[in-house]
Amino acid sequence: MKNLFSTLLTLLCVAVAVPTMAQETASEPQPQQDAQVLMLTLEDALRIALEENPTVQIADQTVEAKKYAKRGTYAALWPEISASATYQRYIKKQRLHFAGQTIEVGTANNYSAGLQAAMPVVNAQLWKSLKLSAMDVELAVEQARGSRVDMVEQVSKAFYQVLLAKDSYNVYKRVYDNAVENHKIVEKRYKVGQVSEYDYITSQVSVANAEPNVFNAQNSIVVALWQLKALLGLDLDKDIDCAGSLADFEALMNAHIDMNLNLDNNTTIRQLDIQERMLEKSVEMVKSTNLPTLALSINYNITSMAEDFKFSNYQWNPYSVAILSLNIPIFSGGKRRAELAQAKINLQNIQLQRENAERQLHTAMMQYSTTMETNLKQYHASSQTISQAKRGYDIAVKRYEVGGGTLVDIDNSQLAYTQAELSRSTAIYNYLVNQVSLEKVKGTLSQEN
């Protein structure tokens, strides 16, 4: 008896609280766009990300740093010119003892100044290193391109995630609004004794069950927008929104999916190609250390010696010399042989990495393609079901209004309608996400936004 009383008391509280809550929520308008909200299209989001995201900026600055490093390497081909000057003051001069006599040698002040110029004439290792520096810049440019491709992929997926969250919110909000309207119908019929208390309580519970989904969908939108703002490099307090809906991208869902497995434009493969060529040059550079080198240097100097500081009386003595230096490596304790073996192993490793990367990328391309085909089938199936599910829901509501149906029929048709709409939105979202991933693997993902 006590349990029965407790149950009735609980149902009474629900009966009082739910209608009030339903009226408050139903009376609330959908979130309106504030005048300060930054409305973004996908193109706008990509443009901002490629301009403002720190990752892209760091990659671009790395390219500039590599270019300066290349210029520094090429400077080794030009003569290196330097000047020097020396002053010596003898505190105590040297003495020579000869035939019982002591003679001081030298002067108290010694001055010397000169210019030196040196440049390589024949240096195979230097020439190889110049080509290696040029490839290093090429690798930095490709890595920067890879960073931009990654950013386009991440921003596109984040943008689609916001649209999916908004579509889900619209579906759950419609479910909630329908539950509120159905509760009003049941309430009117209950007051005149046309329906049982069970139907009245069931409609209240349907309203209460629909409300948390609306709140969760709202929170999903907020979280998705935070993630997008982080990628765009915007302040998290900045109010932004994404224009359109997933339905706007239905035209991109092509029944013909390109299964071409060409990886020539893939940034990972291109980086590995450049690294492989760099290691080939490294092997050549190590081999070139066994070759002779020839260098030219020219020195011009002037000197003067005096006992006092009367510079006008100083006599300056110039002299110059040209030096041609030939260096022939003969033995280095096996150092060059060890370096060559290490360079060859590094080259073999990068070749194996490239082979493995190609295999994994081909697998990923096939996976994305087949998944897109499945998404396309899901989209067509759910699109055909939506109109039927909506028609079934409308019929169930009308039947209940005239006393020919039950709330269970309404709930079942509502569930089918909701699942069909969510399935269509999810199919579009999954198709777009897999399409972006496929284009990234192929290297065709556009960065000009």
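In this text, all values refer to a predicted model and were calculated from it rather than measured experimentally.

Caption draft 1: Summary view of the overall build of the protein chain. Helix and strand counts for the protein chain stand at 8 helices and 8 strands. Its C-alpha radius of gyration of 40 Å places the protein chain more than 25% over the 22 Å reference for a compact globule of 449 residues. Taking the principal axes of its C-alpha atoms as reference, the protein chain extends roughly 145 × 50 × 45 Å. Long-range contacts, defined as pairs at least 24 residues apart, comprise 83% of the intrachain contacts of the protein chain with a sequence gap of at least 6. Charge separation in the protein chain, taken as the distance between the mean sites of 43 positive and 48 negative side-chain charges, equals 9 Å.

Caption draft 2: The arrangement of the pattern of salt bridges in detail. Per the counting criterion, the structure on display carries 22 salt bridges. The salt bridge partner of Arg354 is Asp273, with a shortest N-O separation of 2.4 Å. Pair noted here: Arg354 is in helix α7 (residues 335-401) and Asp273 is in helix α6 (residues 267-288), with a separation of 81 residues, a long-range link.

Caption draft 3: Expanded view of the nonpolar core. Counting 67 residues, the largest nonpolar core has Val155, Phe159, Tyr160, Leu228 and Leu232 as the members making the most contacts within it. When residues of this core are traced back to their parent elements, those giving at least two are α2 (42-52), α4 (124-191), α5 (197-232), β6 (240-242), α6, α7 and α8 (407-442). Among the elements that line this core, the one with the most residues is α4, at 17 residues. Excluding residues that lie within four positions of it along the chain, Tyr160 makes contacts with Leu42, Leu246, Phe249, Tyr429, Leu432, Val433 and Val436. Counting residues in each nonpolar core, the second largest holds 9 residues, with Val186, Tyr200, Val397 and Leu407 among its members.

Caption draft 4: Broad picture of the environment of Trp316. Along the chain, Trp316 turns up in the loop between β7 (293-306) and β8 (317-327). Along the primary structure Trp316 and Tyr393 are separated by 77 residues, whereas in three dimensions their C-alpha atoms are 110 Å apart. Not counting the four nearest positions on each side in its chain, Trp316 is found in contact with Tyr111, Ile302, Thr303 and Ser304.

Caption draft 5: Molecular detail of the confidence of the model for the protein chain. When pLDDT is averaged across the protein chain, the result is 84; 91% of the residues are at 70 or more. Per-residue pLDDT stays below 50 along residues 1-33; that stretch engages in 26 contacts with residues further than four places along the chain or on separate chains.

Caption draft 6: Structural context of the packing of α2 against helix α3 (residues 54-74). Contact pair α2 / α3: the axes reach a minimum separation of 5 Å and the direction vectors enclose 50 degrees. Compared by their axis directions, α2 and α3 come out oblique. Counted together, Ala49, Leu50, Glu51 and Glu52 of α2 and Pro54, Val56 and Gln57 of α3 form the full contact between these two elements. Taken together, the residues of the contact of α2 with α3 break down into 4 nonpolar, 1 polar and 2 charged.

Caption draft 7: Broad picture of the pairing of β7. Here strand β5 (residues 109-122) runs beside β7; their pairing, made up of 13 bridges, is antiparallel. Across the sheet, Ala113 pairs through a bridge with Ile302, a residue of β7. Where β7 meets β8, 11 bridges bridge the pair, whose relative direction is antiparallel. Each bridged residue has a counterpart across the sheet, and for Leu296 the counterpart in β8 is Leu324.

Caption draft 8: Expanded view of the sheet that holds β8. In spatial order, the strands read β2-β5-β7-β8; together these 4 strands make up an open sheet with antiparallel pairing. A single partner strand is all that each edge strand has here, and the edge strands are β2 (80-89) and β8. Each strand axis lies, on average, 15 degrees off the axis of its neighbour in the sheet, ignoring direction.

Caption draft 9: Spatial organisation of α6. Here α6 contains 22 residues, and its C-alpha end-to-end distance of 31 Å stays within 8% of the 32 Å for a straight helix at 1.5 Å per residue. Measuring from the backbone nitrogen of Thr268 back to the side-chain oxygen at the start of α6 gives 2.9 Å, which picks out Asn266 as the cap.

Caption draft 10: Main features of α4. The terminal C-alpha atoms of α4 lie 100 Å apart, and with 68 residues this matches the ideal 100 Å at 1.5 Å per residue to within 8%. With a side-chain oxygen lying 3.3 Å from the backbone nitrogen of Gln125, the N-terminal cap of α4 falls on Asn123. Positive phi appears at Gly193, one or two residues downstream of α4, with a value of about 80 degrees.

Caption draft 11: Seen up close, the side chain of Glu142. Structurally, Glu142 is set in helix α4. Take Glu142: its relative accessible area is 6%, and that puts it in the buried class. The contacts of Glu142, once residues within four sequence positions are left out, are Thr267, Arg270, Gln271 and Ile274.

Cut-offs used in this document
Residues numbered from 1 in each chain as written. Predicted model: local features only at pLDDT ≥ 70, side-chain atom pairs only at ≥ 80, totals over all residues. Heavy atoms only, no water. Helix = DSSP H or I, 4+ residues; strand = E, 2+ residues; numbered from the N terminus. Rg over C-alpha atoms; globule rule 2.2 N^0.38 Å. Contact = heavy atoms within 4.5 Å. Lys, Arg positive; Asp, Glu negative; His and termini not counted. Charge placed at Lys NZ, Arg CZ, Asp CG, Glu CD. Salt bridge = Lys/Arg side-chain N within 4 Å of Asp/Glu carboxyl O. Core = buried A, V, L, I, M, F, W, Y, C linked by side-chain atoms within 4.5 Å. Buried < 20%, exposed > 50% of the residue type's maximum accessible area, 1.4 Å probe, protein only. pLDDT = per-residue confidence, 0-100. Axes fitted to C-alpha atoms, helices over the stretch in contact; angles between N-to-C directions. Parallel < 35°, antiparallel > 145°, perpendicular 65-115°, else oblique. Nonpolar A, V, L, I, M, F, W, Y, C, P; charged D, E, K, R; others polar. Pairing = 2+ DSSP bridges. Expected span 1.5 Å × (residues − 1). Polar contact = N/O pair within 3.5 Å; in protein donor to acceptor, adjacent residues only side chain to side chain.

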